[in-house]
Amino acid sequence: MLIEIQAPAGRAEAIVARPSAGNGPFPGVIFYMDAFGLRPRIQEMAQRIADWGYVVLAPNVFYREGTVAELAPGGDMSTQEGREAAGKAAFPRVGRLTPDKALPDIDAWVSALAALDDVAPGPIGTTGYCMGARLALRTATAHPEVVAACGGFHGGGLATEDPDSPHLGLGNARARFVFGHADHDRSMAPDAVARLGEALHAAGLQASNEIYAGAPHGYSMADTSAFHPEATERHFQELRALLDGTLKA
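For every chain, the first residue of the written sequence is number 1, and numbering continues from 1 along that sequence. At least 70 in pLDDT is required for a residue's local features to be given in this predicted model, at least 80 for side-chain atom pairs to be given and counted, and no such filter applies to totals for whole chains, interfaces and linings, which use all residues. Side-chain figures throughout are based on the complete set of non-hydrogen atoms in the structure, without hydrogens or water.

Helix numbering and strand numbering both begin at the N terminus, where a helix is a DSSP run of H or I of at least 4 residues and a strand a DSSP run of E of at least 2. Counting secondary structure elements, the protein chain contains seven helices and eight strands. Seen through its C-alpha atoms, the protein chain measures out along the principal axes to roughly 45 × 40 × 35 Å. Relative accessibility thresholds used throughout: buried, under 20% of the residue-type maximum; exposed, over 50%; partly exposed, between the two (1.4 Å probe, protein chains only). When burial is assessed residue by residue, the protein chain has 55% of its 249 residues classed as buried. Per-residue accessibility takes into account occlusion by the displayed protein chains alone, with areas from the Shrake-Rupley method and a 1.4 Å probe. As displayed, the protein chain offers around 10400 Å² of accessible surface, 52% of which is attributable to carbon and sulfur atoms. Taken as two groups, the 20 positive and 29 negative side-chain charges of the protein chain have centres that lie 1 Å from each other. Counting rule applied: Lys, Arg positive; Asp, Glu negative; His and chain ends not counted. The location of each charge is read from NZ of Lys, CZ of Arg, CG of Asp or CD of Glu.

Let's shift gears to the pairing of strand β8 (residues 207-211). Of the strand pairs in this sheet, strand β7 (residues 176-181) and β8 are connected by five bridges, and their pairing is parallel. Within the sheet, the bridge partner assigned to G180 lies in β8 and is E210. When the strands point away from the viewer and the path from the first strand over the helix to the second turns clockwise, the crossover is right-handed. Remark: the β7/helix α6 (residues 190-202)/β8 crossover connection has right-handed handedness. Between any two strands, at least two bridges found by DSSP are needed for them to pair.

Structure (structure tokens):
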């Protein structure tokens, strides 16, 4: 289902997925989409996580740019050509979602999740994909008092040399982290993976920080040409272990 959230710059739509069975309250999870936006694949992934026993909120982080319907990919992304065509519209939005905009939004997403029916009080989890992995990491560092689990999969730009790189806030975090990086990813090269690992270690955080061999950037997105079934299933297994081990332990 789609709901609306009062965000800093206006109304933002969000997917809410709830468990198909069982009685709440349930722990809450914020799901950060990839650059292609909220669409059926994101709904499928959010529902799969919800059916593990969570209430999942997936906000339209590009709400400043348009509604879910307005931003939805118009073509078939299952071919390389189709994915590249969709990217011409989608990728510039990523650059425009700067930290000064993203951080106030994150506050709104955390508050909105806590206000949903059947969300248990206490710690929450977050997971993000592609550019959404950056938002998941920033959520964990901006809200250490509540974020106990953070997953990031085929993320880009997590540990750059820029002064506002997401990894620089890890000293504030208290969460357990799982990162599943794409192989040969120009947006998260081996030196960046190593930089992220060093920051996690320096902060004394419990973390997994691995490259999924043979998995391309975008590997979990079954509606695109980057889909890699084996890496996708590995990510779901590791994400479930992370969430269950922190939010249900």
